Amino acid sequence: MGDTGCVHFASYVKEYGYDSYSVVHAYFSACISKEARRRKALSCLCYKCGSSGPQLYSCLHCIYFACKGAHINEHYKHTKHYMALELCYGMLYCYQCRDFIYHSKCQAIAERHLRREARSLDKSLSWRPWSPSRLEIELLLKNPKRRHVTALTSIGLRGLLNLGSTCFMNCIVQALIHTPLLRDYFLAELHECTAKTAAKCLVCEVSRLFQEFYSGARGPLSLHRLLHLIWNHARHLAGYEQQDAHEFFIATLDVLHRHCKISMTELAANAAAAAAAAAAAAAATDKSKSSLPNAHQPSQNAHVGTNFLAHQATSQQEPLQLLQPQSGPNALAMPTAASPAGATGTTTATNATNSGQNQPSDPNPTQCNCIIDQIFTGGLQSDVVCQACKGVSTTIDPFWDISLDLGESSNGQGGYGGPPKSLIDCLERFTRAEHLGSSAKIKCNTCNSYQESTKQLSMRTLPIVASFHLKRFEHSSLIDKKISTFISFPAELDMTPFMSQKKSDQQQQHQQQSHLAPSSPSFPSSGANGSSASSMTSTGGIVATSSCLNNDDSRNQPYPNEDSDTADFRYSLYAVINHVGTLDAGHYTAYVRHQKDIWVKCDDHIITTATLKQVLDSEGYLLFYHKKILEYE
């Protein structure tokens, strides 16, 4: 089956032409106008059960609407009408082939309708899969070096030379190279950089590495250029001694994020300069025209267009100014130290709340739109509850990864007093409500006194890639040691139980059972400086908001609650970093998922095949999970 559909659709077109398809698609799939949307709302209902979906089909022979499954199948059996249009995505279905078909001319008609729909609704085109143009097809056919990717292909696998205790870098690079969305971004050459900064840009070097990995060559690579750039931009990692892989991972994300931001800023500045030059040229043209006899005065539309270009250039810069540069090279790599009294976090959060009371709320003050934030940034919610009046203070922090304690819990609440045995145990401990105690009282504005409180962490939003750091290296004033306890982790992970909405529902259910009536106080927020929050790494400042348990209005929150009914929180394991040996003399290796159900072990320049059982039986230091289903905005 090529781009002309099937033989059955060819006979249908010979008899009916394309008019029926065009009308049904324009009015009941794409909805090219307000009238089309009105007709769809009134008449696009299943003729069998009267429902509107969730997935409707329209018969192209008699324009009969029916639900997917038994209702549309029954119509086909009675009438033998074999061509139908799926209305949600506008796909052709042939009942004689029992499959969806593709037709290039119908696709061209559908694209025209989608553009008309976008103009009618004054919105941008929704995401569409890439389809090659005629020129691209010719280039692909003429290219003799095209590679056929099979299940046993080695494309994308390269060993990395150890440059002297650089296994910590090699394993992180292998994990990043095998991050699906990051791979797609760099192989599509979406990163743009100015010539002035390209030589020192870490993102350009990572882009080059992706090209090297997927070039088809099999020899090991040397990362000396990447290491030199990391040394220049993260001075605390410079030197020839062994470094911590987790610290290197966070520092790499930090540098990549900053370089993406610089590139975006420079491109926006260039666009602004071009817009200013265009405005000056237009003004000069208007002035020369006005000096001519009988010349018309410049219209308002010319000024509106010029200002719009300048506004567009300015609006591209605005989100880039929201995330300020870090105060030091190690500002992101080091977690916040635990504070017994918690006063520092309280003061910071309270000031953030008070300073923003008279200012308009920015919908997203801590994130930019670079590829690093799009893939790795999530939102961690901290709820502090006053034990006297039950008032809740909510703080939301962005994070790139979550560090999980492996030692014994400080208290035995919730049945997890001993050391955890699995990743689920670690996450349950991390999101369990913790009593702060009498030594960490926080002043409640409603009670007007210092009160004991509890703090609970939960996931406000989840990133596309969820990375977990198992804290195996314990540093204290008495001794430094490595925790080699086996922590089991699953190949498939569901994060739904740890979401803020889920925790909130459980709290409300508990309140209803206990017949509690919460009040609505103004309670100072507490930052993530407690023992649990100290084990996460944040990418920006604290955003503090006040709420109470019966108020879930999140319109002004920088990280809106994800709807648990529609969002999918399932993840698949795709990379595991292991540390073998002691704290003083150790070695890092990585397991990465090369293709579906195919795992490999990366030990510097040596690449060997591995089984899923070997991966899950490994000790585990850094765990990388990728979201199974992505929601497009």
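All figures in this text were calculated on a predicted structure; none of them were measured in a lab. The written sequence of each chain sets the order in which its residues are numbered from 1. Reporting of local features is limited, given that this is a predicted model, to residues whose pLDDT is at least 70; pairs of side-chain atoms are given and counted only at 80 or more, and all residues count toward the totals for whole chains, interfaces and linings. Only hydrogens and water are set aside when side-chain values are computed; all heavy atoms of the structure are taken into account.

Asks: Hey, could you run me through the nonpolar core in this one?
Replies: Grouped burial of nonpolar side chains is what soluble globular proteins tend to show. Counting 59 residues, the largest nonpolar core has I172, A245, I372, F376, I577, Y588 and F624 as its most contacted members. Throughout, a contact is declared for two residues whenever any of their heavy atoms are within 4.5 Å. Contacts of F624, omitting those with residues within four sequence positions, involve A175, F249, V465, A466, S467, S572, L573, Y574, A575 and I577. Residue types Ala, Val, Leu, Ile, Met, Phe, Trp, Tyr and Cys, when buried and joined through side-chain atoms within 4.5 Å, form a set referred to as a nonpolar core. Burial classification: accessible surface area is computed with a 1.4 Å probe over protein chains only, and a residue below 20% of its type maximum counts as buried, one above 50% as exposed, and the rest as partly exposed. The next biggest cluster of nonpolar side chains, apart from the first, holds 33 residues, and it includes Y18, C59, I72 and L85.

Asks: Honestly, the packing of aromatic side chains in this entry has me stumped. Any pointers?
Replies: Aromatic ring pairs are reported here in terms of the distance separating the ring centres and the angle at which the planes meet. Between the rings of Phe, Tyr and Trp (Trp by its six-membered ring), a pair exists once the centres lie within 6.5 Å; its type follows the angle of the planes, with under 30 degrees stacked, over 60 edge-to-face, and the other angles tilted. Counting across every chain of the model gives 18 aromatic pairs. Centre to centre, the rings of F249 and F624 are 5.2 Å apart; their planes meet at 85°, and the pair counts as edge-to-face. Pair noted here: F249 is in helix 12 (residues 245-290) and F624 is in strand 22 (residues 622-627), with a separation of 375 residues, a long-range link. Looking at F249, the relative accessible area reads 1%, which means it is buried. Taken together, a centroid distance of 6.2 Å and an interplanar angle of 55° make the contact between Y574 and F624 tilted. You can see Y574 sitting in strand 18 (residues 570-581) and its partner F624 sitting in strand 22, a full 50 residues away along the chain. Taken as a pair, Y574 and F624 share a single burial class, namely buried. By definition, being over a ring means that NZ of Lys or CZ of Arg is both within 6 Å of the ring centre and within 35 degrees of the ring normal. Here the guanidinium or amino end of K80 rests over the ring plane of Y76, the centre of that ring lying 5.8 Å away. In this text, helices come from DSSP runs of H or I with a minimum length of four residues, and strands from runs of E with a minimum of two, each type numbered from the N-terminal end.

Asks: How should I be thinking about a nonpolar patch on the surface in this particular structure?
Replies: Like charges are joined within 9 Å and nonpolar side chains (Val, Leu, Ile, Met, Phe, Trp, Tyr) within 5 Å, but only among residues with over 30% relative accessible area and no salt bridge; these make up the patches. All accessibility values rest on the Shrake-Rupley procedure with a 1.4 Å probe; residue burial counts only the protein chains present in the view. Throughout this description, the term salt bridge denotes a Lys or Arg side-chain nitrogen within 4 Å of a carboxyl oxygen of Asp or Glu. Taken together, the side chains of Y89, M91 and F100 present a nonpolar region at the surface, about 300 Å² in accessible area. In this structure, Y89 sits in the loop between strand 3 (83-86) and strand 4 (91-94).

Asks: Looking at this structure, I do not really get unusual backbone geometry. What am I missing?
Replies: Residues apart from glycine generally show negative phi values, whereas peptide bonds are mostly found in trans. Even without being a glycine, K80 presents a positive backbone phi close to 60°. Considering the arrangement of structural elements, one finds K80 in the loop between helix 4 (70-79) and strand 3. Overall, the relative accessible area of 55% leaves K80 in the exposed class. The backbone phi angle of E189 is positive, close to 55°, even though this residue is not glycine.

Asks: Would you mind going over the side chain of T166 with me for this structure?
Replies: Looking at the element boundaries, T166 is found in the loop between helix 6 (134-142) and helix 7 (167-177). Accessibility expressed as a relative area gives 4% for T166, which makes it buried.

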